[in-house]
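Listed below are the residues making up each chain.
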Amino acid sequence: MVGEGSYKANTYNLEFEGEIQRLKAQVLLSWEKEARTLTWFGLADGMNVLEAGSGPGFFTEKLLELLPNSSVTAVEIDPVLHEKAVAYLQDKGGDRVNRIQASVANTGLDDNTFDFAIARLLFLHLPDPVAAAREIFRILKPGGKLVIIDADGDLFWLTDPPLSVETLKKKLNQVTALRGGNAYFGRHLCRLLKETGFVSVDLEVAVSHSDIIGIEAFEPLLDTGPILQMVKQGLISESDIESYLVSRDEFLAAGDRRLMMSFGLMACGEKHQ
Ligand SMILES: C[S@@+](CC[C@H](N)C(=O)[O-])C[C@H]1O[C@@H](n2cnc3c(N)ncnc32)[C@H](O)[C@@H]1O
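Residues numbered from 1 in each chain as written. Predicted model: local features only at pLDDT ≥ 70, side-chain atom pairs only at ≥ 80, totals over all residues. Heavy atoms only, no water.

Q: Help me out: how do you make sense of the site of the ligand in this one?
A: Within the structure, the ligand sits among 17 residues, and Gly53, Glu76, Ser103, Val104 and Arg120 are positioned closest to it. A distance of 2.7 Å is found between a nitrogen atom of the ligand and a backbone nitrogen or oxygen belonging to Gly53. Glu76 has a polar side-chain atom sitting 2.6 Å from an oxygen atom of the ligand. In isolation the ligand offers 600 Å² of accessible surface; the protein chains occlude 97% of this area. The residue inventory of the shell around the ligand, partitioned by class, reads nine nonpolar, five polar and three charged. (Near = heavy atom within 4 Å. Polar contact = N/O pair within 3.5 Å; in protein donor to acceptor, adjacent residues only side chain to side chain. Areas by Shrake-Rupley, 256 points an atom, 1.4 Å probe, with all protein chains shown as cover. Nonpolar A, V, L, I, M, F, W, Y, C, P; charged D, E, K, R; others polar.)

Structure below.
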């Protein structure tokens, strides 16, 4: 995997394919609510859309379905994930989908090209989010909008019975920071947009709850693959995950479980006319 930043698919999971499936589960979990809010922010069929940090293409697929008359340009830095997306999207969207392997900070795309840009779970991994926001600003048309969908470490894993995540979360966030990311970036989105020159900045949230979509939708995200991989790589210790693993087993065995989480802080800004 190449590129700077804290997201590297093969360092997240023991099995690369396991990480791909985790990304897919994350998209499915909150797509309906994210699509609703994207539409409310102004995303509409027929627009020329940019998707930054598109990974293996699951979110791209959803955009192509939602917007049957739109073109979607998917920019992805990682050559392996880019190839995955090329294969996955081969029979989806036809010539409406354009896949580019490049950094979002340097896309090579023309000024004033896109009506709407979306970056999902990308900015928290970027060592230089300002450069990325400036590049998206450049390639948006005047009046075009950017929506950044990002997580914040304090809006994860609100459960009953409780999961013991504090030690683990602290460690995982340190690993993200070491790699140049910021797991608490959600709270910085509005100011980033304003300082880049976006106007009419607003913030919404897409929340997922097991009482609404069922506990099964969350199960791939409780997979221990990513944390065991970090233990294997010496990034976190076995004692860091001990209490989490015990509470996770208790949670999975409990008859009555509730789980609420938000991947989706959604910040929107407009490039002035
Ligand atoms: C957590 S994944 C999210 C993928 C997808 N957006 C989704 O929601 O499923 C983050 C993606 O951003 C990509 N990425 C990281 N830095 C990037 C950069 N500078 N330019 C473009 N893509 C980047 C990663 O390779 C990865 O595919």
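Q: Help me understand the pairing of strand 5 (residues 140-150) in this model?
A: The side chains of a regular strand alternate, residue by residue, between the two faces of the sheet. Two strands pair when backbone bridges link them, and strand 4 (residues 114-120) and strand 5 are joined in this way by six bridges, in the parallel orientation. Paired with Phe114 across the two strands is Leu140, which belongs to strand 5. One crossover worth recording links strand 4 to the parallel strand 5 by way of helix 5 (residues 129-139), and it is right-handed. (Pairing = 2+ DSSP bridges. Helix = DSSP H or I, 4+ residues; strand = E, 2+ residues; numbered from the N terminus. Right-handed = clockwise from strand over helix to strand, strands pointing away.)

Q: I would appreciate a short explanation of the pattern of salt bridges in the present structure.
A: Close approach of charged atoms lets side chains of opposite charge pair. Following the criterion strictly, the structure yields 17 salt bridges and no others. Here Arg120 and Glu34 are joined by a salt bridge, their closest N and O atoms 2.7 Å apart. Residue Arg120 is located in strand 4, and its partner Glu34 is located in helix 2 (residues 16-41); the two are separated by 86 residues in the primary sequence. Of the charged contacts, one joins Asp115 and Lys141 as a salt bridge, the two residues approaching to 3.0 Å between their closest N and O atoms. With Asp115 in strand 4 and Lys141 in strand 5, this pair connects stretches of sequence that are 26 residues apart. (Salt bridge = Lys/Arg side-chain N within 4 Å of Asp/Glu carboxyl O.)

Q: Help me understand the nonpolar core, please; the structure alone is not making it clear to me.
A: Buried together is how nonpolar side chains tend to be arranged in soluble globular proteins. Judged by nonpolar contacts, the single largest core of 31 residues is most densely connected at Leu50, Phe123, Ile136 and Leu146. Secondary-structure elements contributing two or more residues to this core are strand 1 (48-52), strand 4, helix 5, strand 5, helix 7 (189-196) and strand 8 (258-270). For this core, the leading source of residues is helix 5, giving five residues. Leave out the neighbours within four places in its chain, and Phe123 touches Pro129, Ala132, Ala133, Ile136, Ile148, Asp150, Phe185 and Leu192. Membership of the second largest hydrophobic core comes to 26 residues, among which are Phe41, Leu89, Phe116 and Cys268. (Core = buried A, V, L, I, M, F, W, Y, C linked by side-chain atoms within 4.5 Å. Buried < 20%, exposed > 50% of the residue type's maximum accessible area, 1.4 Å probe, protein only. Contact = heavy atoms within 4.5 Å.)

Q: Honestly, unusual backbone geometry in this entry has me stumped. Any pointers?
A: Among all residues save glycine, negative phi is the norm, and among peptide bonds the norm is trans. Residue Asp160 is joined to Pro161 through a cis peptide bond whose omega torsion reads 0°. Positionally, Pro161 belongs in the loop between strand 6 (158-160) and helix 6 (166-178). The phi torsion at Asn112 lies on the positive side, around 55°, for a residue other than glycine. Within the secondary structure, Asn112 is located in the loop between strand 3 (97-101) and strand 4. Classification of Asn112 by relative accessible area gives partly exposed; the value is 41%. If you check the backbone angles, Ser200 has positive phi at about 50° while not being a glycine. By the element assignment, Ser200 lies in strand 7 (residues 199-209).

Q: Please explain helix 9 (residues 225-232) as it appears in this structure.
A: Side chains of residues three or four places apart in an α-helix project in the same direction, reflecting 3.6 residues per turn. The buried count for helix 9 comes to six of eight residues, which makes it a mostly enclosed element. Gly234 sits one or two positions beyond helix 9 and adopts a positive phi of about 75°.

Q: Just checking my understanding: could you explain the packing of helix 2 against helix 3 (residues 58-66) for this structure?
A: How two helices sit against one another is set out by the angle between their axes and by the gap between those axes. Packing of helix 2 against helix 3 leaves a shortest axis separation of 9 Å and a crossing angle of 35°. As for the relative orientation of helix 2 and helix 3, their crossing is right-handed in sense. Within the contact between the two elements, helix 2 uses Ile20, Leu23, Lys24, Val27, Leu28, Trp31, Glu34, Ala35, Leu38 and Thr39 and helix 3 uses Phe58, Phe59, Lys62, Leu63 and Leu66. Residues of the contact of helix 2 with helix 3, tallied by class, amount to 11 nonpolar, one polar and three charged. (Axes fitted to C-alpha atoms, helices over the stretch in contact; angles between N-to-C directions. Left-handed = near helix turned anticlockwise from the far one by under 90°.)

Q: What's the story with the state of the cysteines in this structure? I'm lost.
A: By definition, a disulfide links two cysteine residues through a covalent bond between their sulfur atoms. By the definition in use, this model includes zero disulfides. No disulfide involves Cys190; its sulfur sits 10 Å from the nearest other cysteine sulfur, which is in Cys268. (Disulfide = S-S within 2.5 Å.)

Q: How do you make sense of the pairing of strand 3 when you look at a structure like this?
A: Pairing of strand 2 (residues 71-76) with strand 3, which is carried by five bridges, proceeds in the parallel orientation. Bridging from a neighbouring strand, Thr73 pairs with Asn98 of strand 3. Note that the unit made of strand 2, helix 4 (residues 79-88) and strand 3 has a crossover that is right-handed.

Q: Help me out: how do you make sense of the packing of aromatic side chains in this one?
A: For any pair of aromatic rings, the description rests on two quantities: the centre-to-centre distance and the angle between the ring planes. Under the counting rule described, the total for this entry stands at four aromatic pairs. Ring geometry for Trp31 against Phe59: centres 5.3 Å apart, planes inclined by 80°, an arrangement best described as edge-to-face. Highlighted residues: Trp31 in helix 2 and Phe59 in helix 3, separated in sequence by 28 residues. Across the pair, exposure class does not vary: Trp31 and Phe59 are buried alike. Taking NZ or CZ as reference, Lys271 lies 5.2 Å from the ring centre of Phe137, over its face. (Phe/Tyr/Trp six-rings, centres within 6.5 Å; stacked < 30°, edge-to-face > 60°. Lys NZ or Arg CZ within 6 Å of the ring centre and 35° of its normal.)

Function-wise, these values are silent; they only describe arrangement.
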